[in-house]
Amino acid sequence: MALLIKTDIDRGTAWAEALAGAYPELDVHTWPYEGDPAAIHYALVWQPPEGELKGYPNLKAIFSIGAGIDHLASDPDLPEGVPVVRMVEPGLTAGMSEYVAYAVLGHHRFMLDYARQRAEKLWREIPQIAAGARQVGMLGMGVLGRDALEKLMPFGFKLAGWSRTPKSITGISCYHGEEGLREFLAETDILVCLLPLTPETEGILCRETFDQLPEGAAVVSVGRGGHLVEDDLLAALDSGRLSGATLDVFRKEPLPKKHPFWAHPRIFITPHIASMTLPESACQAVVANIHRLEAGEPLRHVVDMERGY
Ligand code: NDP
Ligand code: OXD
């Protein structure tokens, strides 16, 4: 049984070591691979070059190193009929919840304002608002969105989530579909986006959405850069419609040096690090799935490529 890893060199080495520990019999190769493509049964990939995977005729499954699979869905030559498995692993989930908690608390406690005051050596108290007076709204109530909201529960925020299909979760007001979006947005003071990037969700963080939020709301964009209409965000921040934004993902990554986001006082930027798959814990999920398939059992977390996530 052979598996090929395609990621950056450092992460590839960490993955190969983790897999060797978790499944010593697995023959692990790192990309670029110069052996016989027919000998490879599994691919574990992050942003493989377009058309690369179709060159392996005996693939049984493609494992995405990330939770998002847009880097695979965009390949017009993705091999047909080979299941694509998204990454669900505790390290990735925990990291995302940490980031979302940090960003939400930062907006809640006016940290962008205090950073600016610090630069001006200005000692000024901004009146505190009780967490219970604010709603945190999550776009995308999947593995990551739901965990992040649950981790925010002890702070006492009002919590709301929006998804495609209906949900019922204790302590979270759940909305779904286009009809639910308006009601969800109207009450959301801190909006977090943890949707997958699909044709339906592309550009969802746009003027029309911002205009439905309460005046002075904040936005945390951690799904994909394609969710955000960048000019609409700048306009909403400059007019005061929105009070701030935390952005981890961008339409073009790395964010170009001349991009106006870098210098904007109401934007906090990180370089797509909200969460990272940890090979040590993630290899267990991959290995368990390989064992499942080899035993004739169904794979877990297979992507519905029609739906796009
Ligand atoms: P899941 O597949 O578990 O969840 C996706 C959620 O989005 C589901 O609740 C789904 O609804 C909802 N959804 C999808 N399409 C729509 C739609 N058209 N309208 C309303 N809701 C919709 O994904 P994860 O939680 O595992 O990951 C989410 C995304 O986070 C990834 O796709 C990736 O882009 C991003 N990510 C970013 C990282 C970073 O470092 N910045 C790290 C990891 C992930 P339903 O429940 O009804 O199906
Ligand atoms: C992911 C990511 O999708 O890191 O996991 O962006």
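Structural data are supplied above this passage.
Notes on the structure in this doc start here. (Residues numbered from 1 in each chain as written. Chains lettered and ligands numbered in written order. Predicted model: local features only at pLDDT ≥ 70, side-chain atom pairs only at ≥ 80, totals over all residues. Heavy atoms only, no water.)

1. So, unusual backbone geometry
(1) Moving on: Tryptophan 31 connects to proline 32 through a cis peptide bond whose omega is 0°.
(2) Moving on: By the element assignment, proline 32 lies in the loop between strand 2 (27-30) and strand 3 (42-45).
(3) Moving on: Between glutamate 253 and the following residue, proline 254, the backbone shows a cis peptide bond with an omega angle of -5°.
(4) Moving on: Positive phi outside glycine occurs at glutamine 47, with the angle close to 50°. (Helix = DSSP H or I, 4+ residues; strand = E, 2+ residues; numbered from the N terminus.)

2. Here's the deal with the pattern of salt bridges
As a working rule, side chains carrying opposite charge can pair if their charged atoms are close by.
(1) Moving on: This structure, assessed with the given rule, holds 11 salt bridges.
(2) Moving on: Among the salt bridges present, the one from glutamate 215 reaches arginine 241, with a minimum N-O distance of 3.7 Å. Here glutamate 215 is found in the loop between helix 7 (207-212) and strand 10 (217-221), whereas its partner arginine 241 is found in the loop between helix 8 (230-238) and strand 11 (242-247), with 26 residues between them in sequence.
(3) Moving on: Here glutamate 215 falls in the exposed class, since its relative accessible area comes to 62%.
(4) Moving on: On the basis of relative accessible area, arginine 241 is assigned to the buried category, the value being 17%. (Salt bridge = Lys/Arg side-chain N within 4 Å of Asp/Glu carboxyl O. Buried < 20%, exposed > 50% of the residue type's maximum accessible area, 1.4 Å probe, protein only.)

3. Some words on the nonpolar core
(1) Moving on: Membership of the largest hydrophobic core comes to 29 residues, with the highest contact counts inside it found for Leu139, Phe184, Leu205, Phe210, Leu233, Leu242 and Phe261.
(2) Moving on: Listing elements by their share of this core, those giving two or more residues are strand 7 (158-163), helix 6 (177-186), strand 9 (190-193), strand 10, helix 8, strand 11 and strand 12 (267-269).
(3) Moving on: The greatest single-element share of this core, amounting to four residues, is contributed by helix 8. (Core = buried A, V, L, I, M, F, W, Y, C linked by side-chain atoms within 4.5 Å.)

4. A closer look at the sheet that holds strand 10
(1) Moving on: Strands sit in the order 8-7-6-9-10-11-12 across an open sheet of seven strands; the sheet is parallel. With one partner strand each, in any of the chains shown, strand 8 (173-176) and strand 12 form the two edges of the open sheet. Across this sheet, the average inter-strand angle for adjacent strands is 15°, counted without regard to direction.
(2) Moving on: Across five bridges, the pairing between strand 6 (residues 135-139) and strand 7 is parallel. From the neighbouring strand, leucine 139 faces strand 7, where its bridge partner is tryptophan 162.
(3) Moving on: Its contacts with the sheet put helix 3 (residues 90-108) on strand 6, strand 9, strand 10, strand 11 and strand 12, and the angle it makes with strand 11 is roughly 160°.
(4) Moving on: Along the sheet, helix 5 (residues 143-152) contacts strand 6 and strand 7; its crossing angle with strand 6, the most-contacted strand, is approximately 165°. (Pairing = 2+ DSSP bridges. Axes fitted to C-alpha atoms, helices over the stretch in contact; angles between N-to-C directions. Contact = heavy atoms within 4.5 Å.)

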